[in-house]
Amino acid sequence: MGKRTAARALAMAVNCAAGEGAVGSLPCGDCGPCRRIAAGSHPDVLVLEPAGKEFRIDQVRELCRELALKPYEGRHRVALIAGAERLNPHAANALLKVLEEPPERTLIVLTAPQAADLLPTIVSRCRQLRFKPIAARHLAAILERAHGVPAAEAEAVADTAGGSVTRALAMLRQGWPEKRRRLLAELPELAGGPPLRALLLAASFSRARSEAEEVLGLVASWVRDLAFAAEGAAHLVNRDVRGEIAEAAGRLPGDFAPRAWEALQRAERRLGCRIRRLARHAATGPGAAIVACALARTLAGTAAPPHSGAPGCGACRSGCDASTGRIALARGAARR
Ligand SMILES: [Zn+2]
């Protein structure tokens, strides 16, 4: 279950006509309030999303004014601040007072990728609930069943969405399956070629904010697949292009995958968890530049040789997430 789905379930639980309205009770999902909350039309469930890149301070002030009123029909009023990492310091400070002394019968829910993305003063006033990323195959199933996404498209975004339903849906809206197809078609040709071609391609892909991480994730999954090509299609992430992967794996030098992997890992470390913040500030900011360099280095095979003592994941048996490609290459598999 994703963070927003959980927040909606909480709003249902405290307002369900069939239940007692306790925070821990389960909603029936079928009564009037439950249905209206699911449809997004309950007057006491407020969802606040950023107007543009960030939340504006007047959005937060307006929310505080609304919250000062009594609930219209529900037992509790629930305010969901979705993507709270996009509260700028002014908006966040405007929220502090209501977080410190929330009005009666009011629940304020903030969602964010990680607590470190929020001001410490906000975090210290909230109770934290951690969510694990949803495994790629479950995410694909959720997209198919709950959102009617065709199976092939669901699989294509599930591998790169970092376990988030919201992010997967945003990627679909931004045409990620088509971008992924284009990138996967060009990667084999670019590998081992001149860095300039890779830079040009990276520049065309890295224009949109937040796309940087997705492009890196996809390239990582492709490099990983090169190393595992000999193990058979079942071990690949990008199974739909297994033929092209097998061809590239046979053609490229044996040390290409480990070298490329090393370049990607360095890029990921540089981007770190700050990528969202970086990417927010400029569409072609440092995030895009790092991706462009990483792509060029990865594909041209100009990265430094891998550390001899690089940690191996034992071919994904020790809990690492092969579906996103974010694994350390098993030493055995890398040494083809
Ligand atoms: Zn109900």
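Everything numeric in this text was worked out from a predicted model, so none of it was measured.

The secondary structure content of the chain amounts to 16 helices and three strands. Buried positions account for 46% of the 336 residues belonging to the chain.

Applying the stated criterion across every chain yields a total of zero aromatic pairs. In this structure, Arg 224 is placed above the aromatic ring of Phe 228, and the distance from its NZ or CZ to the ring centre is 4.4 Å.

Moving on to helix H4 (residues 89-100). Compared with an ideal rise of 1.5 Å per residue, which puts twelve residues at 16 Å, H4 spans 16 Å between its outermost C-alpha atoms and is within 8% of the ideal. Those residues of H4 lying buried are Ala 91, Ala 92, Leu 95, Leu 96, Val 98 and Leu 99.

On average, residues of the chain carry a pLDDT of 76, and 76% of them reach 70 or more. Below pLDDT 50 for its whole length, residues 273-286 participates in 24 contacts with residues either more than four positions away or in separate chains. Counting interchain partners and residues more than four positions distant, the pLDDT-below-50 stretch residues 302-336 has 74 contacts.

We now examine the sheet that holds strand E1 (residues 45-48). Sheet architecture is open: three strands sit in the order E1-E2-E3, paired in parallel fashion. Single-partner strands in this sheet number two, and they are E1 and strand E3 (106-110). Each strand axis lies, on average, 15° off the axis of its neighbour in the sheet, ignoring direction. Looking at chain direction, E1 and strand E2 (residues 77-81) are connected through four bridges and run parallel.

Scanning the model with the defined rule gives 13 salt bridges in all. For Asp 44, the salt bridge is made with Arg 77, and the minimal N-O distance between the two is 3.3 Å. You can see Asp 44 sitting in the loop between helix H2 (32-39) and E1 and its partner Arg 77 sitting in strand E2, a full 33 residues away along the chain. We note that Asp 44, like Arg 77, is buried. In this structure, the salt-bridge partner of Glu 247 is Arg 251, at a minimum N-O distance of 3.1 Å.

Below, the discussion takes up H2. Turning to H2, its buried residues are Pro 33, Cys 34 and Ile 37. The arc that holds the buried residues of H2, viewed along the axis, is 100°, so those residues lie on one side. Exposed residues on H2 whose side chains face more than 90 degrees from its buried face are Arg 35 and Ala 39. Looking at the packing, one finds that the buried side of H2 touches helix H1 (3-15) and E1. Just downstream of H2 lies Gly 40, where phi reads positive at about 75°.

Here the focus is the nonpolar core. Counting residues in each nonpolar core, the largest one holds 44 residues, and the members touching the most others are Leu 139, Trp 222, Val 223 and Leu 226. Contributing elements (two or more residues each) for this core: helix H6 (136-147), helix H7 (151-158), helix H8 (165-173), helix H9 (176-190), helix H11 (211-228), helix H12 (242-251) and helix H13 (256-271). With ten residues, the single largest contributor to this core is H11. Composition of this core by domain shows at least three residues from each of domain 2 (134-173) and domain 3 (178-335). Ile 81, Ala 92, Leu 96 and Ile 122 belong to the second-largest nonpolar core, a separate cluster that totals 22 residues.

With that settled, consider the packing of H6 against H8. Look at H6 against H8: their axes get within 11 Å of each other, and the N-to-C directions meet at 70°. Overall, the two elements H6 and H8 adopt an arrangement that is roughly perpendicular. Crossing geometry of H6 relative to H8 is assigned as right-handed. Contacts from Leu 139, Ile 142, Leu 143 and His 147 of H6 reach H8 at Val 165, Ala 168 and Leu 169.

With that settled, the discussion passes to the environment of Gln 59. Mapped onto the elements, Gln 59 comes out in helix H3 (residues 57-68). Put simply, Gln 59 and Ala 94 are 35 residues apart on the chain and 9.8 Å apart in space, counted from C-alpha to C-alpha. Not counting chain neighbours up to four residues away, the residues in contact with Gln 59 comprise Leu 48, Glu 49, Pro 50, Ala 51 and Glu 54. A polar contact is formed between the side chain of Gln 59 and the backbone nitrogen of Arg 56, at a distance of 2.8 Å.

Basis of the calculations
Residues numbered from 1 in each chain as written. Predicted model: local features only at pLDDT ≥ 70, side-chain atom pairs only at ≥ 80, totals over all residues. Heavy atoms only, no water. Helix = DSSP H or I, 4+ residues; strand = E, 2+ residues; numbered from the N terminus. Buried < 20%, exposed > 50% of the residue type's maximum accessible area, 1.4 Å probe, protein only. Phe/Tyr/Trp six-rings, centres within 6.5 Å; stacked < 30°, edge-to-face > 60°. Lys NZ or Arg CZ within 6 Å of the ring centre and 35° of its normal. Expected span 1.5 Å × (residues − 1). pLDDT = per-residue confidence, 0-100. Contact = heavy atoms within 4.5 Å. Pairing = 2+ DSSP bridges. Axes fitted to C-alpha atoms, helices over the stretch in contact; angles between N-to-C directions. Salt bridge = Lys/Arg side-chain N within 4 Å of Asp/Glu carboxyl O. Arc of directions from axis to C-beta. Core = buried A, V, L, I, M, F, W, Y, C linked by side-chain atoms within 4.5 Å. Domains from an automatic or database assignment. Parallel < 35°, antiparallel > 145°, perpendicular 65-115°, else oblique. Left-handed = near helix turned anticlockwise from the far one by under 90°. Polar contact = N/O pair within 3.5 Å; in protein donor to acceptor, adjacent residues only side chain to side chain.

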